[in-house]
Amino acid sequence: MLTIGQLAATAGVTVRTVRHYHHVGLLSEPERDASGYRRYSAQAAVDLIRIRTLADAGVPLARIDALLHAQPAEFAAAITDIDAALQRKIDQLTEYRRRIADLAGGESLVLPPEVVAILNRMRALGVSDLRVRLERDSWILMQALDPHAMPQRIREKNASFDDPETMRLYLACDQSVDWDPYDPRLDQLIDDLDAWEIAHERDSNQAGSLKLVSSRISEASPAWQRILDALAHRAKQRRTSGHDS
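Per-chain numbering applies: the sequence of each chain, read as written, is numbered from 1 onward. In keeping with the predicted nature of the model, local features appear solely for residues at pLDDT of at least 70, side-chain atom pairs appear and are counted solely at 80 or more, and the whole-chain, interface and lining totals rest on all residues. Heavy atoms throughout the structure, all of them, feed into the side-chain values; hydrogens and water do not.

Description of the side chain of Asp194
Numbered from the N terminus, helices here are DSSP runs of H or I no shorter than four residues, and strands are runs of E no shorter than two. Structurally, Asp194 is set in helix H11 (residues 184-199). In this structure Asp194 comes out as buried when scored by relative accessible area, which is 8%. For each residue, the accessible area found with a 1.4 Å probe, counting protein chains only, is set against the maximum for its type, and the residue is called buried under 20%, exposed over 50%, and partly exposed in between.

Side note on the pattern of salt bridges
For this document, the term salt bridge refers to a Lys or Arg side-chain nitrogen within 4 Å of an Asp or Glu carboxyl oxygen. Taken as a whole, this structure holds 16 salt bridges when the rule is applied. Arg234 is the partner of Asp191 in a salt bridge, and the nearest nitrogen-oxygen pair spans 2.8 Å. Here Asp191, found in helix H11, pairs with Arg234, found in helix H13 (residues 222-244); they are 43 residues apart in sequence, far enough to count as distant. On the basis of relative accessibility, which here comes to 26%, the residue Arg234 falls in the partly exposed class.

Topic: helix H4 (residues 61-68)
Among the residues making up H4, those that are buried are Ile64, Leu67 and Leu68. The buried residues of H4 occupy an angular sector of 95° when projected down its axis, which confines them to one face. In H4, the exposed positions that point more than 90 degrees away from the buried face belong to Ala62 and Ala66. The arc in question is the one traced by the directions running from the helix axis out to the C-beta atoms.

So, the layout of surface pockets
Space inside and on the surface of the protein is sampled on a 1 Å grid over the protein atoms alone, with a cavity defined as a set of points where a 1.4 Å probe fits but cannot get out and a pocket as an open set with protein on both sides within 12 Å along at least 5 of 7 lines; lining residues have an atom within 4 Å of a point. Grid points are joined across faces, edges and corners, and a volume is the space filled by probe spheres set on the points. Quantified by volume, the second largest pocket comes out at close to 180 Å³. Looking at the second largest pocket, it is lined by 13 residues, and the ones nearest its centre are Leu26, Leu27, Ser28, Asp47 and His69. When residues of the lining of the second largest pocket are traced back to their parent elements, those giving at least two are helix H3 (42-56) and H4. At four residues, the largest contribution of residues to the lining of the second largest pocket is made by H3.

Notes on the packing of H3 against H4
The interhelical angle for the contact between H3 and H4, taken along N-to-C directions, is 130°, at an axis separation of 10 Å. It follows from the interaxial angle that H3 and H4 lie oblique. Considering only the axes of H3 and H4, their crossing is right-handed. Facing H3, whose interface residues are Arg50, Ile51, Leu54 and Ala55, H4 presents Leu61, Ile64, Leu67 and Leu68. Gly is put with the polar residues, along with every residue not named as nonpolar or charged; the nonpolar set is Ala, Val, Leu, Ile, Met, Phe, Trp, Tyr, Cys and Pro, and the charged set is Asp, Glu, Lys and Arg. For the contact of H3 with H4, the residue count by class is seven nonpolar, no polar and one charged. The angle between two axes is taken between their N-to-C directions and runs from 0 to 180 degrees, where each axis is a line fitted to C-alpha atoms and a helix contributes only its stretch in contact. Comment on the angle field: the value is read as roughly parallel under 35 degrees, roughly antiparallel over 145, roughly perpendicular from 65 to 115, and oblique elsewhere. Should the near helix be turned counterclockwise from the far one by less than a right angle, the crossing is left-handed, whereas a clockwise turn marks it as right-handed. Pairs of residues are marked as contacts when any of their non-hydrogen atoms sit within 4.5 Å.

Quick word on the packing of aromatic side chains
In this scheme Phe, Tyr and Trp rings, the latter by its six-membered ring, pair at centre separations within 6.5 Å, and the angle between planes marks the pair as stacked below 30 degrees, edge-to-face above 60, and tilted otherwise. All chains considered together, the criterion is met by zero aromatic pairs. Here, a charge over a ring means that NZ of Lys or CZ of Arg falls within 6 Å of the ring centre while also lying within 35 degrees of the ring normal. One residue, Arg131, lies across the ring of Trp224, its end atom 5.7 Å from the ring centre. The ring centre of Trp179 lies 3.9 Å from the NZ or CZ of Arg185, which sits over that ring.

Quick notes on the packing of helix H8 (residues 129-145) against helix H9 (residues 150-161)
Two numbers describe how H8 lies on H9: the axes approach to 10 Å, and their chain directions differ by 150°. Between H8 and H9, the interaxial angle falls into the category roughly antiparallel. As for the relative orientation of H8 and H9, their crossing is right-handed in sense. Along its contact with H8, which presents Glu135, Trp139, Met142 and Gln143, the element H9 presents Met150, Arg153, Ile154 and Lys157. The class makeup of the residues in the contact of H8 with H9 is four nonpolar, one polar and three charged.

Following this line, the structure appears as structure tokens:
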């Protein structure tokens, strides 16, 4: 006869595991002997080894009891069914791993390849990680709010990379992220950006998704907030002057 510790050692499990199997009804708990100890038979050791073997093979505990008492044909059918369930779980976990791998790249999970290519091009041009992240967030917002505009925005962004003056201003804005909002260098940058917008017939006071995009960018830098506010103010003045003339 075996103590619970000896029984556990025989099957290669812990005493806690044996008690858990008692609790869920997989292994009968013997009565205490005259000394107050529970003593286990050789059959209990055999049953515990079979339970442990099935559990180690991935058989759910809820199905083990039926398998312990199944006839050979029933046992084979049940094992086939359990194997199919395990394969479905493996397939699901494989899909989760694929999606986790996509998450490691970040952009490719939620953005089309054309936008991911833009972000990678920005990195190659020396744009800061912060600005790339903000650009990514801006594209995510645009895709959610105005997906039909995405192809045109992608074409415009790629064209801007090919224009030296546009890239000069873009990189200058990137470098100004940590400037004091009243740094005198911002005055010249604002003038240059305003001239660029006039030359390209851009209006800084845009509505809808671009307003939200602008707010996301300005959150990152008081200097950028001042740039956006100044450009919007100048655009409003031009519209007012146009209406008065």
